[in-house]
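Structural overview for review
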Amino acid sequence: MSPENQMKKRSTQASGETHVSATNVMATPNAYVRFWIITVMLVLFGLATLKLR
Amino acid sequence: MLFHLLYPLHEKIALFNVFRYITFRAAGAIVTALLLSWLLGPWFIRTLRRLSVGQNIREVGPQAHQIKAGTPTMGGLLILFSTLVPTLLWADLGNVYVWLVVMVTAGFGVVGFLDDYLKVRRGRNLGLTALQKILGQILVASALGLGLLLVGFDPALTFPFFKRLVLNLGVLYIPFVVVVLVGVSNAVNLTDGLDGLAIGATTVAAATYAVFTYVAGNRVIAGYLQLSFVPGVGEVSVFCGAMIGAGLGFLWYNSHPAEVFMGDVGSLSLGGAIGGVAVLARQEILLALVGGLFVLEALSVIIQVASFKLTGKRVFRMAPLHHHYELKGWKETQVVVRFWIITILLVLLGLATLKLR
């Protein structure tokens, strides 16, 4: 591969991150449920800032 | 354990004062439980595969489910471990309600484990007999009812919307607790038929009861909302936090297509835990709303069996209810997500009863 093409390599197989997960090994429902879990945890961390200062 | 180890040091290190707060320890339990189930999940699933602990699929169920045969089951052991360890780590171990709910969860877990173990060993979908299973459940639930009476728990039944109405059950409280716990655990067991359905609904219910136990254990908030104040029961919200974390971590692997099933060890213990927490929060009646999905699933089976025996006709294409919708053409993931949405709506209605009277 020429140096120019090496520069053109994709960092992920597809974008956004949901498609990366789906094109790797995860089935679509797997990917969205796991992304929901991450969202729930981030929301909980957000709520924790109400208490922590 | 952390509460007992670190909170006494708060006079020297002010930071440790946060261990006094139930909310902080509940949050700690959520994160610990999630990390435990999430990190141990792959190893646990590999171990179950190696031991050939695979699910047997009922031949009478939907044909599409036959491809699930051999998926590792007894994942409930991971849920139990990831719930109980963070509870013991973050909760105040001097609190009797924490121990009661831990023992109920473990007790129902033992009944479910025996059922799963026999199913795997016999290589068919035949575990404990219905009578053996129900006797085990009654034994554990009675122990909770009796234990509560022995520690001086007020055996009173409260009602949503009618906050001044209180029914003192006396010794009848024990059979009442049995009906609640056995009913919920079997209803969760029936709900556990699609990938992620039961764990999603129980996690939402656990989050709701984290709020209810916290409120019931706080004199000021309980007084403001005209709820029954139960001194010390707020600590149970740490247990609910652990259930939320363990549930989310397990859902990571149980979402469609599931890498592992919870088995009876999971469904019975989760149902027992939710029932136990509802009893401790004195919100047993509300469980019919918060756990409305479980009620619908159980009712669909009862209606189906009764209708078939009385008239020879089936009301649903298949029971429990989730199979009916599958056979109507909904995809498995559609049924699961739609049933979760219904659960969330029911939970919001349940939370609204805090304010409505």
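As a reminder, the structure under discussion sits directly above these lines.
Let me sum up the structure you'll find in this document. (Residues numbered from 1 in each chain as written. Chains lettered and ligands numbered in written order. Predicted model: local features only at pLDDT ≥ 70, side-chain atom pairs only at ≥ 80, totals over all residues. Heavy atoms only, no water.)

Of the regular secondary structure elements, chain A holds three helices and zero strands. When its helices and strands are written in sequence order, chain A yields α-α-α. By residue count, 19% of the 53 residues in chain A fall in the buried class. Surface exposure of chain A reaches about 4300 Å², of which carbon and sulfur atoms provide 62%. (Helix = DSSP H or I, 4+ residues; strand = E, 2+ residues; numbered from the N terminus. Buried < 20%, exposed > 50% of the residue type's maximum accessible area, 1.4 Å probe, protein only. Areas by Shrake-Rupley, 256 points an atom, 1.4 Å probe, with all protein chains shown as cover.)

The geometry of an aromatic ring pair is captured by two quantities: the separation of the ring centres and the angle between the planes. By the definition in use, this model includes 15 aromatic pairs over all chains. Ring centres of A:Tyr32 and A:Trp36 lie 5.1 Å apart, and the angle between their planes is 45°; this geometry places the pair in the tilted category. Here A:Trp36 and A:Tyr32 lie together in helix α3 (residues 28-48), a separation of four residues that amounts to about one turn. Residue classification places A:Trp36 among the partly exposed residues on the basis of a relative accessible area of 41%. Consider the rings of B:Phe19 and B:Phe24, whose centres lie 5.4 Å apart with planes at 80°: the pair is edge-to-face. An aromatic cluster of three or more residues is present, and its members are B:Phe16, B:Phe19, B:Phe24 and B:Trp90. Taking the ring centre of B:Phe153 as reference, the NZ or CZ of B:Arg282 above it sits at 4.9 Å. Here the basic side chain of B:Arg338 rests over the ring of B:Trp330, its NZ or CZ set 4.6 Å away from the ring centre. (Phe/Tyr/Trp six-rings, centres within 6.5 Å; stacked < 30°, edge-to-face > 60°. Lys NZ or Arg CZ within 6 Å of the ring centre and 35° of its normal.)

Here the focus is the environment of B:Leu345. Residues and elements named next belong to chain B. With respect to the helices and strands, the residue Leu-345 is situated in helix α14 (residues 332-352). Accessibility expressed as a relative area gives 52% for Leu-345, which makes it exposed. In this structure, the C-alpha to C-alpha distance between Leu-345 and Leu-289, residues 56 residues apart in sequence, is 9.7 Å.

Moving on to α14(B). With 21 residues, α14(B) should cover 30 Å at 1.5 Å per step; its first-to-last C-alpha distance of 30 Å lies within 8% of that length. All of the buried residues in α14(B) are B:Glu332, B:Thr333, B:Val335, B:Val336, B:Phe339, B:Trp340, B:Thr343, B:Leu346, B:Val347 and B:Gly350. One side of α14(B) carries all its buried residues, which in axial view fall inside an arc of 150°. Looking at the buried positions of α14(B), the neighbouring elements they touch are α3 of chain A together with α7 (197-216), α9 (236-254), α11 (287-290), α12 (292-311) and α13 (321-327) of chain B. (Expected span 1.5 Å × (residues − 1). Arc of directions from axis to C-beta. Contact = heavy atoms within 4.5 Å.)

Let us look at the packing of helix α5 (residues 130-150) of chain B against helix α10 (residues 263-280) of chain B. Residue and element names in this part refer to chain B. For the pair α5 and α10, the least separation of the axes is 12 Å and the interaxial angle reads 25°. In terms of axis orientation, α5 runs roughly parallel to α10. Viewed along their axes, α5 and α10 form a crossing whose handedness is right-handed. Taking contact as the criterion, the partners of Lys-133, Gln-137, Leu-144 and Leu-148 in α5 are, on α10, Asp-264, Leu-268, Gly-276, Val-279 and Leu-280. For the contact of α5 with α10, the per-class residue count stands at five nonpolar, two polar and two charged. (Axes fitted to C-alpha atoms, helices over the stretch in contact; angles between N-to-C directions. Parallel < 35°, antiparallel > 145°, perpendicular 65-115°, else oblique. Left-handed = near helix turned anticlockwise from the far one by under 90°. Nonpolar A, V, L, I, M, F, W, Y, C, P; charged D, E, K, R; others polar.)

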